[in-house]
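Residue-level listing of the chains:
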Amino acid sequence: LSSFSSPSAYLCETQNTTKNITYLHHALNKKDDGRTTTMYSSVAGKNNTFDDETTNTSTTKNAFSLAEKKYRLKVIETIRVDAKTGRRRKSGKLVEEIDVSETIDFDECVGHESSVVMRVSKLKEEEKKQTFKAKGGVEEVAAFSRFANAPSRERPRVWKLLDHPGAYYVQNALDLREQRELIMHCVKILPERPNKTNHWQRLGKPLPADLYRAAKAGLYLNEEENGWMELEKPPKRGDGMESRAARHLLRKLRWATVGAPFDWTKRVYEEERAPEVDERIKRACVKTLEIVFGKEAAFVEKGEDKFFDGQVGLANFYAPGDTLNGHVDDAEMNLSKPIASLSLGLPAIFLLGQKSKALKPVTALIVRSGDAIVLSGESRTMFHGVPRVFSDGETLMSSSKTFRFPEALERAFDDDDDEFLLNFAKRTRINLSLRDVR
């Protein structure tokens, strides 16, 4: 702005239930020579649920909100201004780079298929571990049971987050087959009745059956008959039909319940007549807990005490730039049971704070497909959230780090029927969590 005469600035914030967008406009005086000048506006990325940071009357930023702001997507929108007429035209957008030097990326210590495999010596790996400890108090612990003897590339590794007692990060919690099956289940089955979704909440009624099939066939929602229909001609822009496209509705899928849905008014789970949790989801979550805690996490015979028997959960669907704002999962009657949270698809940043947003430290983790986070003990009531989801192939020039959808997982989608599903998966991060509420 130093090249412009008498620059001034004003801040305008707009918000709604699905996006949190902040526009920072610089109002610039015209240059005397009449040349066309360029101005910039900063646009913060969208998020799935609204952050109480924007509605908080306090002007003091807390530790967790500052961490969210640090990693959230910011888009710089360039606007060309004709100095003679004052007419402004958009000329492009740039994504502002974030600094990930303080994040913990376990991929740097052991290679994943999602990026270039780093072959490091034992000494180098110890140096990495010491760096992780300095960043956020992280220590590797032994994986339990049969999983410890898996091939090195597929072997689960468990990391204890020392600043958050009871929190663990599990690498390679899911193999490629499990990831593919769970993605298929989340996209094809979970959006269907009796499971509830954000579309059901918005419309006041469920969508017609077979959303995935309708999206693949290019169908549109017929609200009057509550069914799908085919259009003779492509819809015109602005006529309202674009938002009724099944493909649009599938892209706008943000959450789907697993098992009993949660009643936010009464703050209880509606367990009566609730659908059963699919066995594949149960097995994946119990396997994750078994890797961390041992065989007592596995299912036991009916009638015996169970360490974990998840009855309810949630699948969250994120597009690049979406966020999940900081929150605590404290609606369950029994908070002594752990939560297993599985990551599928695109990589993201996961934040884990303390029992108050104001407290430090806040640990930032790079989470990748097939990995999991377990919250138990004290960490069960700590704030956590997702401030950033990366797009496939997104590169941070400052760190030479590229985030990708795993190539090996992409190869697992090998038939024609899976091409549409793969294209959806490569533009989405799915977080699948399960909890024991009894």
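Within each chain, residues carry numbers counting from 1 in the order of the written sequence. In keeping with the model being predicted, local features are shown solely for residues with a pLDDT of at least 70 and side-chain atom pairs are shown and tallied solely at 80 or more, while totals for entire chains, interfaces and linings include all residues. Water and hydrogen atoms play no part in the side-chain values, which are based on all heavy atoms of the structure.

> Could you clarify how one ought to interpret the overall build of the protein in this entry?
Helical segments are the DSSP runs of H or I of at least four residues, strand segments are the runs of E of at least two, and each set is numbered from the N terminus. For the protein, the helix and strand inventory stands at nine helices and 23 strands. In the protein, buried positions account for 50% of the 438 residues. For the protein, the share of sequence-separated contacts (at least 6 apart) that also reach a separation of at least 24 residues comes to 70%. Accessible area of the protein: about 22300 Å², with a carbon and sulfur share of 49%. We call a residue buried when its accessible area falls under 20% of the maximum for its residue type, exposed when it is over 50%, and partly exposed in between, using a 1.4 Å probe and counting protein chains only. The contact definition used throughout considers only heavy atoms, calling two residues in contact when any of these lie within 4.5 Å. Computed with the Shrake-Rupley method and a 1.4 Å probe, the accessible areas treat only the protein chains shown as cover for residues.

> I would appreciate a short explanation of the pairing of strand β11 (residues 255–259) in the present structure.
It is a general feature of regular strands that their side chains alternate between the two faces of the sheet. Burial within β11 is extensive, with four of its five residues counted as buried. When DSSP finds at least two bridges between two strands, those strands are taken to pair. One ladder, built from five bridges, connects β11 with strand β14 (residues 312–318); its direction is antiparallel. Residue pairing in the sheet places G259 in a bridge with V312 of β14.

> How do you make sense of a positive patch on the surface when you look at a structure like this?
Only residues whose relative accessible area exceeds 30% and that take part in no salt bridge are eligible for patches, with like-charged residues grouped when within 9 Å of each other and nonpolar side chains (Val, Leu, Ile, Met, Phe, Trp, Tyr) grouped when within 5 Å. We define a salt bridge as a side-chain nitrogen of Lys or Arg found within 4 Å of a carboxyl oxygen belonging to Asp or Glu. When charges are counted, neither His nor the chain ends are considered; positive counts come from Lys and Arg and negative counts from Asp and Glu. Think of each charge as sitting on NZ of Lys, CZ of Arg, CG of Asp or CD of Glu. A grouping of R247, R251, K252 and R427 is seen on the molecular surface, where their side chains present a positively charged patch. By secondary structure assignment, the location of R251 is in helix α6 (residues 246–251).

> Would you explain the confidence of the model for the protein in this entry?
When pLDDT drops low, the exact placement of atoms in the prediction is not to be read closely. Note: pLDDT gives the predictor's confidence per residue, expressed from 0 to 100. Scored by pLDDT, the protein comes out at a mean of 78, with 74% of its residues at no less than 70. Mean pLDDT values over the elements of the protein span from 27, in strand β1 (residues 8–15), up to 98, in strand β17 (residues 348–352). Across residues 1–60, confidence stays below pLDDT 50; counting only partners more than four residues off in sequence or on other chains, it has 130 contacts. Note that residues 111–123 has pLDDT below 50 and, in this model, 22 contacts with residues that lie over four places away or in other chains.

> Teacher, can you tell me more about the packing of helix α3 (residues 176–188) against helix α7 (residues 279–293) here?
Helices that pack against each other are described as a pair by the angle of their axes relative to one another and the distance between those axes. For every element, the axis is a line fit to its C-alpha atoms; helices are fit only across the contacting stretch, and the angle between N-to-C directions ranges from 0 to 180 degrees. Running from N to C, α3 and α7 point in directions that differ by 135°, and their axes come no closer than 10 Å. By the criterion of interaxial angle, the relationship of α3 to α7 is oblique. α3 and α7 meet at a crossing whose hand is left-handed. For the pair formed by α3 and α7, the contact residues are E178, E181, L182 and H185 on the first element and R280, I281, A284 and K287 on the second. Any residue outside Ala, Val, Leu, Ile, Met, Phe, Trp, Tyr, Cys, Pro, Asp, Glu, Lys and Arg is labelled polar, Gly included; the first ten of those are nonpolar and the last four are charged. Class assignment for the residues of the contact of α3 with α7 results in three nonpolar, one polar and four charged. If an angle is under 35 degrees, it is roughly parallel; if it is over 145, roughly antiparallel; if it lies from 65 to 115, roughly perpendicular; otherwise it is oblique. Should the near helix be turned anticlockwise from the far one by less than a right angle, the crossing is left-handed, and should it be turned clockwise, the crossing is right-handed.

> Sorry if this is basic, but what is going on with the packing of aromatic side chains here?
Aromatic ring pairs are reported here in terms of the distance separating the ring centres and the angle at which the planes meet. Two aromatic rings from Phe, Tyr or Trp, using only the six-membered ring of Trp, form a pair when their centres are within 6.5 Å; if the ring planes differ by under 30 degrees the pair is stacked, by over 60 it is edge-to-face, and anything between is tilted. The tally for this structure, following the rule as stated, stands at six aromatic pairs. Aromatic pair Y168 and F293: ring centres 5.7 Å apart, planes at 85°, arrangement edge-to-face. Here the residue Y168 occupies a position in strand β8 (residues 167–171), and F293 occupies one in helix α7, the gap between them amounting to 125 residues. Accessibility assignment for this pair places Y168 and F293 in one class, buried. Judged by centre distance (5.6 Å) and plane angle (70°), the rings of Y212 and F420 are edge-to-face. Taken together, the positions of Y212 in helix α5 (residues 211–217) and F420 in helix α9 (residues 416–425) put the pair 208 residues apart, joining distant regions of the chain. Put simply, the rings of F106, W159 and Y169 touch in pairs and so form one group of aromatic residues. Only lysine NZ and arginine CZ atoms are considered, and such an atom sits over a ring when it is within 6 Å of the ring centre and within 35 degrees of the ring normal. Over the ring of F413 we find R180; its NZ or CZ atom is 5.8 Å from the centre of that ring. Of note, K196 hangs over the ring of W200, and the distance from its end group to the ring centre comes to 5.6 Å.

> What exactly am I supposed to notice about the nonpolar core here?
Here the nonpolar core consists of buried residues drawn from Ala, Val, Leu, Ile, Met, Phe, Trp, Tyr and Cys, with membership extended through side-chain atoms lying within 4.5 Å. Membership of the largest hydrophobic core comes to 74 residues, with the highest contact counts inside it found for I183, V187, F317 and L432. It is α7 that provides the largest number of residues to this core, a total of eight residues. Apart from the residues lying within four places of it in its own chain, the contact partners of V187 are Y212, L250, F317, L421, F424 and I430. F64, A67, Y71 and I98 belong to the second-largest nonpolar core, a separate cluster that totals 14 residues.

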